[in-house]
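# Tertiary structure, described
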Amino acid sequence: MRYSALSIIKQALSGNRRWTPAWREPEPKPHYDVIIVGGGGHGLATAYYLAKEFGITNVAVIEKGYIGSGNVGRNTTIIRSNYLLEGNNPFYEMSLKLWEGLERDFNYNAMVSQRGVLNLFHSDGQRDEYARRGNAMRLHGVDADLLDREQVRRLAPYLNFDHGRFPVMGGLLQKRGGTVRHDAVAWGYARGADARGVDIIQHCEVTGIRRGPGGEVEGVETTKGFIGCNRLALAAAGNTTTVGRMADLALPIETHVLQAFVSEGLKPVIDNVITYGAGHFYISQSDKGGLVFGANIDYYSSYAQRGNLATVEETMQEGVSLIPGLSRAKALRAWGGVMDMSMDGSPIIDRTPIDNLYLNAGWCYGGFKATPASGFCFAHLIAKNETHHVSRFMRLDRFERGYVLDEGGKGPQPNMH
Amino acid sequence: MASLITCPHCGTRPKEEFSVRGAVIARPSASEKDEAWHRYVYVRDNPKGRYQEYWHHAAGCRRWLVVNRDNLTHEVFGVTDAQASREGSR
Amino acid sequence: MSAYRLDAGGLVNRANPLTFTFDGKSYTGFDGDTLASALIANDQMLMGRSFKYHRPRGPVTSGSAEPNALMTIGSGARSEPNVRATVAELYNGLTAVSQNRWPSLAFDLGAVNGLLSPFLGAGFYYKTFMWPAMLWEKLYEPLIRRAAGLGKLTMEADPDRYEKAWAHCDLLVVGSGPAGLMAALSAARAGARVLIADESARFGGSLLSENVVIGGQAASDYAAGLVEELASFPNVTMMPRTTVFGWYDDMVFGAVERVQKHVETPSPDLPVECVWRIVAKRAILASGAEERPLVFGGNDRPGVMTANAARTYLNRYGVAAGSKVAVFTNGGSGYRTAGDLSARGVEVTAIIDARATSTDPAPYGVRVIHGGAVVATRGRNRIDALVAERAGFEEEIACDALAMAGGWSPIVHLMCQRGAKPVWSDAAQAFLAPDVGSGFVAAGSAGCADSIAACLRDGASKAAAFSTELGFAAYAANIPEVEGEYDPDFAPLWYVPGAKDKAFVDFQNDVHVSDLGLAQREGFRHIEHTKRYTTSGMATDQGKLGNVATIGIVAAMRGVSPAEIGTTTFRPFYTPVSMGALAGTSRAEHAAPVRTSPLYGWAKKNGATFVESGLWYRSSWFARDGEKTWRDSVDREVRNVRENAGLCDVSTLGKIEIFGTGAAEFLNRVYSNAFLKLPVGKARYGLMLREDGMVFDDGTTSRLSENHYVMTTTTTYATEVMAHLEFASQTFWPHLDVRFVSSSDQWAQMSLAGPKARIILARIVEDDISDAAMPFLGAKVVTLKGGLKARLFRISFSGELAYELAVPAGYGEAVADAIMQAGREDGICAYGVEALNVLRIEKGFVTHAELEGRTTPDDLGYGKMMAMTKPDFIGKRLSTRFGLTAADRLQLVGLKPVETDKEFMAGAHLLKDGAAATLAGDQGFVSSACYSPTLGHTIGLGLLKSGRERIGEKITVWDGLRGTEVAAEVCLPVFVDPQNTKQHL
Amino acid sequence: MALTLLHRHALEDHILGFETSANPNHLSVARRPVIFSVLAHAGQEQAVGLALKAAPDIAPRFCGPAEWLAVSLTAGSETVAGHLSEISGASVVDQSDGKVLMAISGPSVRQILAKCVGVDLHPQAFAPGHSANMLFGHVAVNLARTGPDAFEIITPRSFAGSVYEDLMEMGREFALTASFSGG
């Protein structure tokens, strides 16, 4: 069923009784061309683009819970392409361009809102770093503006300009950055993939990976039985290691928990996405009025989708320090997502040493904004067995070869990225 | 854990007194192959469940500790001094 | 007083009337009232508007689960949005205003959304507003944003203080109702350290609102007796006005105490709120149970509230919910409310009992409609009638309040915050507390005890069990008899079918039964999908009131048990917590501690401008009269150092004392260059790598005696280097005899640089510091004139003849003064980190602008500092990987503009001369740039692809971000004294 | 040129004006304490610990398994250095200028400190004579209990101003006063 204002009116006049399911609930077929493990944003986007762009529709997405139950539904909804390195920037810019046309593409309003992402800087050294990054963006034709203190003040007068511990000296603004309603991304891709014939199989957990005589992947054992496939694609952020271990994959990944927060509903006060350079705080306000924010990971390895109080307090300290007016806003809910922290802070979209096994992993806590490009490039790789050029640096062997994509220059300690 | 760590030298302390480095992996000796060094620096077993992790009691005794914990339930089974546990394992 | 305030009864203090305003109108209430109870007493049942349809709403509860009666309290910078009137304590001078309405609460134009509701069903926004694309940000979204949201945040700085504190106890008791009080008392008598917290100002919980007799006393008097006894124990901490909002790992609980939210003008010596981190050995959740609303058409009309709320307003606050109250119930609670109201002379118009029969006693003369249901309500801003249906016949019954009793849900939120899910019980028709291990249990009605007597017993026995576990002698509590309890049983009734108006499950978010149906039809069947698609349970009450009904209704629609549907995830915060309280004092200027150099005072009196550098404030430059810009000062300072001498504060460098017979070997392994043979009395520059072969930090290390070294680190990485050394020593090479300790704070360290440095220094030092006695890279302890011992290092970060002098911090300012005095005749000046930076760029010395985490020693031209013949050093093995040795790596070069009047800045990129500006053509970047007063033009350091091969090449310094493009020549990264003669003078 | 060098306390500018009379809750900042870091070399930990305990005029403060602060408010720096030099197997570093010692005492001292440190200071958990490094707000300090209602805090000099101001802020509710003590 195509969604439009007209469809809403027609349905309303018949008592909203005739809406049909957004996706089917099929039983798994014995064999698929492609099985994607993980019904999150990346997995569903991969299925969608496989079907739409590459004509591969005999595809199953296998999800152990409900679709969108992972990080696509527990992030702070920010999209941007303000990256420094040549291995990252064109990829994220492709993603941003896909975001810009996404809703009409999959006929679902995910509320892509290009309200601008402003990275604040607080020292000369940080300004130089941001300028370097902004210039890299400009070199790739990505919009970037370096704002001085007064320009920042006009954009966000509520920031702590006069009583801060660290001065707000300016910011790097990407106007095309913004936010997206996160759950809707999973639902929109799922609906679009389903309409093109993809089977979305929820509540089906992969328990093993079956290998053939040559070591090649033949299919997956699941809680709904064995399902065969020609190609197996992993997009199981947070559980990559667990699934990868079923095929003896050795991965440069450590799992960590990141908390996020939402305040009570408030009338609009924060128009942009703001990030704090003297800490790690980031904030935006949802269309529903909740302030959505977060800061650092909890730093220890964790598969528990919940964090601890010290990190909560640290986040609030940074938030109130940057925006004093938040002091009387009330935090409503805190939650946690588990992420694949890779050893250089950048993702992997690549073949694996195992035949027929493809890997999409290591998104750290930047995976949401990457969803469209990740799905597109992964689909490209699976369909053509050939790396899409914008993801060519996201190789699994880059660590061994010494070509890490260390956007922050932090080195091989996953919790530093 | 996550909230409190019982340091073998200082007693029970809040998490923020510590900094976490990551999985406990032995540093290869100089004579080991490149592959061993690559695995040491870049590859992580990353199991779900029992985990041995290096924590530094930065605001306390400044000792490096091995925290033996469950990364799913966050239960802590034990905390030992990294040096003592290294020597003990020899 | 109005008809709704009873002449007597309740726990309010009628001798202390309080004046307050709501939407500008003045009212009177009493000490002990909540804002809601006082408004109801004043016939102001309309207290808010709903989120989506802007429907008029009144309080549906008397506590913290309230979804409707949200208002903004206070004014100016003290105004606080979204305060639940049902828990806000009344105080004299309180000002409250309603929210989310325009132009007024009674007449809200937003209510037109209600008429459009067929088009605004669950998730409607996902299906439209997509065309044309540009209109989303410009038109649709702003409209939605303006309409959404509840209260308004002023965004002014908060004038109040917030604090945080720790508490430690053997037993934490959450809630002070019958189970909580009895648990606390039992453990206290046993000798345990007990902490009992309750969100209310007054301890007692349901004992304050239930009309029973305990041990011959009114319940509230009995509670007061327990409270008095508790207060007499030194091992008991009582925390009223304190909400335990979160349960974290290791039995750590987060709680917020509202210290001064009930006063008009807070004392500046006290916080308004304090966040407590409570570390408990055991905990008892005695948070009670929540009465569920019934789901029927028009169940949201002001005046419709839970039976328990009506009873609480009556018994605790002496306020009647209405003058003609109807009751709709599926169990005994409705009858109890009817009985209590009737006994206090309030007319009860009818009891509509969903059950076909019951034995619950109705008050004399009150009509009971068994097997009936309310199918609609009438009234504009308050209910004035209901439509009851029985056996197909409808009847309109006049009323101005409707008490509904839909059964009970234990409040198990806290116990479910760490992953355990509550467990459905068919017997209790409720989700019960999960078993979370031995340390934390639910007691009382939170643990499904079904009477006050059972709660008292449960609290006592669970506390006794914990006391014994902790080694205290269990105290056998004496549980008195409770008279007059009602039968709390109820029959399940998830919703009343055939509603003509919307039947709400989530009041605030306007989610009604047909939204849940739509979600099921569209495939959003998992309860998390249902929640996210309809927003049921996502309002400020987080589904406290409606979630169980949502689950029950979805289960009923699908014909399965609620157990099969399950709950959504419980997460902190139990009730919303102000960000200010969670931030505490760490805000504004106190967001992070300040580190002060021992030479801060010296710099200040010499006219320094300071700059934040990590936690430090460092002197940036020293302006003199007549200097118009910072550049004037910096240029002068640089010239003066090159011509005469300057004194700079370098106390912020990390300093580490290293001892032991294994120290030399240790240093040899943590630095990439050789350190074994460093002689006593000498300093050496060292590079420290990460294990991946990239440069981590640099600095000098000096050997003061055979087994004693002092290492300096950069200011930025002082902490990290210390931890790194400790890690290496304790885990890699524990057998090496090496011990170290930071002495960063012990020393005031100053750099004296310039051709006249030696003559000036000689005036205050006793020792011979001639080039022969103290050559370049010499390091030794000297005696200052007057006898003070100091450390002297002949090292240079400027390329000039230079010394670093370290003196005990307390003497720093005096010694710096003495040097300035000694150097006055030779033109000494103070210089700051800006000049320091220019001096080092002129010499091509690197800082963390170049050591940016992706550079190898070879990239920086320090390839020779990789002592590859050493068997092992940190970073050695991975340094030879292909990518780290590739010919096209970025390498350090110098950059100077071809036309010397042109300038460029750090952060600009480097392009081949004449090449198009594309990322693919990117050749590198400018890492540091400055105006060189020595050369008279801009200079820079950069990292350029294969840079060392390209000396002399003309390239473009491209800064599209700031709109400049400058032709530059690639040169060696040294601009002044390339032969290094000056530092050896 | 003969130098007469004035010694400055890190909190000189923080504790200003005429000294007020001390309230029951009072913070007393030592002017010139003598404080040394003592490091025991491998295998010598126990012996050094015992020797420190036995050394005259010195209060040892526990920092870590092989590290102490040797504190003296009575003896001079050279005397203390002399005692310490007799302990074999130890390396010592004078930190007298690198540390600031504040003694806080009074009936509300535990309530004040509960706002600053996460360690349980109940006398059964942290008895007089006990000392340890711990986080105080955002700063690592050494805290020692010197009596039922008396504690000493040793902070790094560069952080002393922040720690002092935090303490005074947290003590506001209890009318905490402050002054220098000793020569």
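Calculation rules
Residues numbered from 1 in each chain as written. Chains lettered and ligands numbered in written order. Predicted model: local features only at pLDDT ≥ 70, side-chain atom pairs only at ≥ 80, totals over all residues. Heavy atoms only, no water. Helix = DSSP H or I, 4+ residues; strand = E, 2+ residues; numbered from the N terminus. Rg over C-alpha atoms; globule rule 2.2 N^0.38 Å. Buried < 20%, exposed > 50% of the residue type's maximum accessible area, 1.4 Å probe, protein only. Contact = heavy atoms within 4.5 Å. Areas by Shrake-Rupley, 256 points an atom, 1.4 Å probe, with all protein chains shown as cover. Lys, Arg positive; Asp, Glu negative; His and termini not counted. Charge placed at Lys NZ, Arg CZ, Asp CG, Glu CD. Buried area = accessible area lost by both parts, 1.4 Å probe. Salt bridge = Lys/Arg side-chain N within 4 Å of Asp/Glu carboxyl O. Pairing = 2+ DSSP bridges. Axes fitted to C-alpha atoms, helices over the stretch in contact; angles between N-to-C directions. Domains from an automatic or database assignment. Polar contact = N/O pair within 3.5 Å; in protein donor to acceptor, adjacent residues only side chain to side chain. Expected span 1.5 Å × (residues − 1). Parallel < 35°, antiparallel > 145°, perpendicular 65-115°, else oblique. Left-handed = near helix turned anticlockwise from the far one by under 90°. Nonpolar A, V, L, I, M, F, W, Y, C, P; charged D, E, K, R; others polar. Patch = residues over 30% accessible without salt bridge, like charges linked within 9 Å, V, L, I, M, F, W, Y side chains within 5 Å. Phe/Tyr/Trp six-rings, centres within 6.5 Å; stacked < 30°, edge-to-face > 60°. Lys NZ or Arg CZ within 6 Å of the ring centre and 35° of its normal.

Here we take up the overall build of chain C. Counting its secondary structure elements, chain C contains 21 helices and 51 strands. Computed over the C-alpha atoms, the radius of gyration of chain C is 38 Å, more than 25% above the 30 Å expected from 2.2 N^0.38 for a compact globule of 985 residues. The dimensions of chain C, computed from C-alpha atoms along their principal axes, are 115 × 75 × 55 Å. Burial analysis of chain C (985 residues in total) assigns 65% to the buried set. Residue pairs at least 24 apart in sequence account for 67% of intrachain contacts in chain C once pairs closer than 6 positions are excluded. Carbon and sulfur atoms make up 53% of the accessible area of chain C, which totals about 32,500 Å². The distance from the centre of the 98 positive side-chain charges to the centre of the 108 negative ones in chain C is 4 Å.

The subject of this paragraph is the overall build of chain D. The helix and strand inventory of chain D stands at four helices and ten strands. Of the regular secondary structure in chain D, the N- to C-terminal order runs β-β-α-β-β-α-β-β-α-β-β-β-α-β. The C-alpha atoms of chain D give 17 Å as radius of gyration, which agrees with the globular expectation for 183 residues (16 Å, within 12%). With respect to the principal axes defined by its C-alpha atoms, chain D has extents near 55 × 45 × 25 Å. The 183 residues of chain D split such that 56% are buried. Across chain D, contacts joining residues at least 24 apart in sequence account for 68% of those joining residues at least 6 apart. Split by element, the accessible area of chain D, about 7,400 Å² in all, is 52% carbon and sulfur. When the 11 positive and 17 negative side-chain charges of chain D are each reduced to one mean point, those points stand 4 Å apart.

Before going further, it helps to examine the interface of chain A and chain C. In this complex, chain A contributes 117 residues to the contact, which on the side of chain C involves 119 residues. In total, chain A and chain C occlude about 10,200 Å² of area from one another, counting both sides; carbon and sulfur atoms represent 56% of this. At the boundary of chain A and chain C, one finds eleven salt bridges. Linking Arg132(A) and Glu852(C) is a salt bridge whose minimum nitrogen-to-oxygen distance equals 2.7 Å.

With that settled, consider helix α16 (residues 663–670) of chain C. In terms of burial, α16(C) is a largely internal element, seven of the eight residues being buried. Turning to α16(C), its buried residues are Ala663(C), Ala664(C), Phe666(C), Leu667(C), Asn668(C), Arg669(C) and Val670(C).

This part is about the sheet that holds strand β22 (residues 385–390) of chain C. All names here are of chain C. The three strands are arranged β21-β22-β23 in an open sheet whose pairing can be described as antiparallel. Each edge of the open sheet carries a strand with a single partner, namely β21 (373–378) and β23 (393–398). This sheet shows a mean twist of 25° between the axes of neighbouring strands, independent of strand direction. As paired strands, β21 and β22 are joined by five bridges and run antiparallel to one another. The residue of β22 that forms the bridge with Ala376 is Val387.

Residue and element names in this part refer to chain D. According to the domain assignment, chain D consists of domain 1 (12–31 + 97–181) and domain 2 (34–94). A separation of 23 Å is found between the C-alpha centroids of domain 1 and domain 2. Of the residues lining the interface, eleven residues belong to domain 1; the matching set on domain 2 comes to eight residues. Overall, the association of domain 1 and domain 2 removes approximately 810 Å² of surface from exposure, summing both partners, and the carbon and sulfur fraction of that is 61%.

Attention now moves to the pairing of strand β6 (residues 99–105) of chain D. All names here are of chain D. Judged from the four bridges that link them, strand β1 (residues 26–30) and β6 form a sheet pairing that is antiparallel. Directly across from Ser28, in β6, lies its bridge partner Ala103. Bridge analysis of β6 against strand β9 (residues 150–156) gives seven bridges, and the strand direction is antiparallel. In the strand pairing of β9, Met102 is matched with Ile153.

Before going further, it helps to examine the side chain of His417(A). Residues and elements named next belong to chain A. Within the secondary structure, His417 is located in the segment after α10 (398–401). Here the side chain of His417 touches Met343 through a polar contact of 3.1 Å, landing on its backbone oxygen. Among all residues touching His417, those that are not within four sequence positions of it are Met341, Ser342, Met343, Asp344, Gly345, Tyr365, Asp406, Lys410 and Gly411.

Before going further, it helps to examine the interface of chain B and chain A. Listed as interface residues are 28 residues of chain B and, on the opposing side, 28 residues of chain A. For the chain B and chain A pair, buried surface summed over both sides reaches about 2,200 Å², with 50% attributable to carbon and sulfur atoms. Between chain B and chain A we count zero salt bridges in total. On inspection of chain B and its partner chain A, the count reaches 18 residue pairs in polar contact (both at pLDDT 80 or more). Going through the elements one at a time, β3 (19–23), α1 (34–42) and β4 (50–56) of chain B are the ones with two or more residues in the side of chain B that touches chain A. With five residues, the top contributor of residues to the side of chain B that touches chain A is α1(B).

This part covers helix α11 (residues 547–558) of chain C. All names here are of chain C. Between the first and last C-alpha of α11 there are 16 Å, a value that for twelve residues agrees with the 16 Å anticipated at 1.5 Å per step. In terms of burial, α11 is a largely internal element, nine of the twelve residues being buried. Buried residues of α11: Asn547, Val548, Ala549, Thr550, Ile551, Gly552, Ile553, Val554 and Ala555, and no others. On its buried face, α11 is in contact with β25 (408–410), β27 (430–432), β30 (504–506), α9 (513–521), α10 (527–534) and α12 (562–565). Positive phi appears at Gly559, one or two residues downstream of α11, with a value of about 70°.

Looking now at the environment of Ser578(C). Locating Ser578(C) in the fold gives a position in strand β32 (residues 577–578). A relative accessible area of 6% places Ser578(C) in the buried class. Ser578(C) sits 305 residues away from Glu273(C) along the chain, and the two C-alpha atoms are 8.7 Å apart. When near neighbours in sequence (up to four residues on either side) are disregarded, Ser578(C) contacts Ser327(A), Ala329(A), Lys330(A), Tyr162(C) and Glu273(C).

It is worth spelling out the packing of helix α2 (residues 41–54) of chain A against helix α9 (residues 367–384) of chain A at this point. All names here are of chain A. The contact between α2 and α9 brings their axes to 7 Å, and the two run at 45°. The orientation of α2 with respect to α9, classified from their angle, is oblique. Along this stretch, α2 crosses α9, giving a crossing that reads as right-handed. Considering only residue class, the contact of α2 with α9 consists of eleven nonpolar, eight polar and two charged.

Okay, the pattern of salt bridges next. Counted according to the given criterion, the structure contains 101 salt bridges over all chains. Across the pair Asp128(A) and Arg127(A) runs a salt bridge whose closest N-O atoms are separated by 3.2 Å. Between Asp360(C) and Arg355(C) there is a salt bridge; the shortest N-O distance is 2.7 Å. Like Arg355(C), Asp360(C) is buried.

Another point: the sheet that holds β6(D). Residue and element names in this part refer to chain D. Read across the open sheet, the six strands follow the order β7-β8-β9-β6-β1-β10; overall the sheet is mixed. Unpaired on one side and paired on the other, β7 (131–136) and β10 (177–181) mark the two borders of the sheet. Adjacent strand axes in the sheet meet at a mean angle of 30°, parallel and antiparallel pairs treated alike. The pairing of β1 with β10 spans five bridges and is classified as parallel.

Moving on: a nonpolar patch on the surface. All names here are of chain C. Side chains of Trp102, Phe107 and Leu109 sit close together on the surface and give an oily, nonpolar patch of about 370 Å² of accessible area. By the element assignment, Trp102 lies in the loop between β7 (94–97) and α2 (112–115). On the basis of relative accessible area, Trp102 is assigned to the exposed category, the value being 58%.

In total, this model carries 58 aromatic pairs over all chains according to the counting rule given. Ring centres of Trp602(C) and Phe622(C) lie 5.7 Å apart, and the angle between their planes is 55°; on these two criteria the pair is classed as tilted. One end of the pair, Trp602(C), is in helix α14 (residues 600–605); the other, Phe622(C), is in strand β34 (residues 616–622), with 20 residues separating them in the sequence. Looking at Phe622(C), the relative accessible area reads 2%, which means it is buried. The ring of Tyr3(A) carries the charged tip of Arg191(A) above its face, separated from the ring centre by 3.5 Å.

Our next topic: the side chain of Ser37(D). Considering the arrangement of structural elements, one finds Ser37(D) in strand β2 (residues 34–40). Residue Ser37(D) is classed as buried on the basis of its relative accessible area of 1%. Those residues in contact with Ser37(D) that lie beyond four places of it in its chain are Val741(C), Trp68(D), Leu69(D), Ser91(D), Val92(D), Val93(D) and Gln95(D).

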